[in-house]
Amino acid sequence: NYDPIHRLDLFQLPTSEAKLDAYLSRVQDDGNAITESEPWQVQEFLARGVEYSAMIVVRSNQLVTMTCSASSASQLNYVHVEVPSIRVWIEDFMTGLRASKYTLTGQLCFDFMILTENDEHVAYPIECNPRVHTQCSIYNSDDARSTLGSLLLESPQVHTQNK
């Protein structure tokens, strides 16, 4: 089961056995124990980065539009920014998708943490939501809404370049 409360804990390992046992007991007492049939995923904690989200629309493995914004706690304050490391990651993702046996049509929203490593900005994907996201509110003019509607409904041959 998805745990919307404990996903915000940011519990970090390594820790003492006593702290780990206390945390696992609290999670179990709250009704969402970690079990073989309901496992949790451990992620590396990325500190000192900047969080962004990117929403893409894909039709038959073709990227038809992409928008990238700094993350918004209210999930309503999105302003498009171009983040080259995220653009490269998305392009690599699309290349891998096209080389796979799968065909994707839909909307995806990725959360990224951007870290500076060796004087370069590196995009680390930290989450993917396979659905429309509030970031689509960035298409907030009549022309933009019309274009987004067309991209969501038209065949992939109509629009095949990054927007």
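In the block above lies the structure referred to throughout.
All values reported here derive from a predicted model rather than from experimental measurement.

A. Quick look at the nonpolar core. Membership of the largest hydrophobic core comes to 17 residues, with the highest contact counts inside it found for Ile56, Met66, Ile86, Ile90 and Phe112. For this core, the elements supplying multiple residues, two or more each, are β1 (50-59), β2 (62-70), α2 (84-99) and β3 (106-117). Ignoring sequence-local partners within four residues, the contact set of phenylalanine 112 consists of Val50, Glu51, Tyr52, Ala54, Ile86, Trp89, Ile90, Ala123, Tyr124, Pro125 and Ile126.

B. Structural context of the pairing of β2. Within β2, seven of the nine residues are buried, which leaves it mostly tucked inside the rest of the structure. As defined by bridge partners, β1 adjoins β2 across eight bridges and the pair is classed as antiparallel. By the bridge assignment, isoleucine 56 is partnered in β2 with methionine 66. Between β1 and β2, which pair antiparallel and follow one another directly, the connecting turn spans two residues, one of which, serine 60, has a positive phi of 45°.

C. Structural context of the sheet that holds β3. With antiparallel pairing, four strands are arranged side by side in an open sheet as β2-β1-β3-β4. Here the strands that pair on one side only, and so sit at the sheet edges, are β2 and β4 (120-129). Pairwise comparison of adjacent strand axes, ignoring direction, gives a mean angle of 30° for this sheet. Across the sheet, α2 touches β1, β2, β3 and β4, and the angle it forms with β3 is around 130°.

D. How the structure looks around the pattern of salt bridges. Per the stated rule, a full pass over the model turns up two salt bridges. Measuring nitrogen to oxygen at the nearest pair gives 3.8 Å for the salt bridge that ties arginine 26 to aspartate 9. Taken together, the positions of arginine 26 in helix α1 (residues 17-29) and aspartate 9 in the segment before α1 put the pair 17 residues apart, joining distant regions of the chain. The class for arginine 26 is partly exposed, based on a relative accessible area of 40%. We note a salt bridge from glutamate 82 to arginine 87, for which the minimum N-O separation is 2.8 Å. Given the relative accessible area of 45%, glutamate 82 is considered partly exposed. Given a relative accessible area of 13%, arginine 87 falls into the buried group.

E. Geometry of unusual backbone geometry. With omega at 0°, the peptide bond leading from leucine 13 into proline 14 counts as cis. The topology assignment puts proline 14 in the segment before α1. Positive phi, close to 55°, is recorded for leucine 10, a residue that is not glycine. Relative to the helices and strands, leucine 10 resides in the segment before α1. The residue serine 60 is not glycine, and still its phi comes out positive at about 45°. Relative to the helices and strands, serine 60 is located in the loop between β1 and β2. Given the relative accessible area of 35%, serine 60 is considered partly exposed.

F. The environment of alanine 99, seen in detail. You can see alanine 99 is positioned in helix α2. Given the relative accessible area of 68%, alanine 99 is considered exposed. It is 9.5 Å that separates the C-alpha atoms of alanine 99 and asparagine 61, two residues lying 38 residues apart in sequence.

Conventions used here
Residues numbered from 1 in each chain as written. Predicted model: local features only at pLDDT ≥ 70, side-chain atom pairs only at ≥ 80, totals over all residues. Heavy atoms only, no water. Core = buried A, V, L, I, M, F, W, Y, C linked by side-chain atoms within 4.5 Å. Buried < 20%, exposed > 50% of the residue type's maximum accessible area, 1.4 Å probe, protein only. Helix = DSSP H or I, 4+ residues; strand = E, 2+ residues; numbered from the N terminus. Contact = heavy atoms within 4.5 Å. Pairing = 2+ DSSP bridges. Axes fitted to C-alpha atoms, helices over the stretch in contact; angles between N-to-C directions. Salt bridge = Lys/Arg side-chain N within 4 Å of Asp/Glu carboxyl O.

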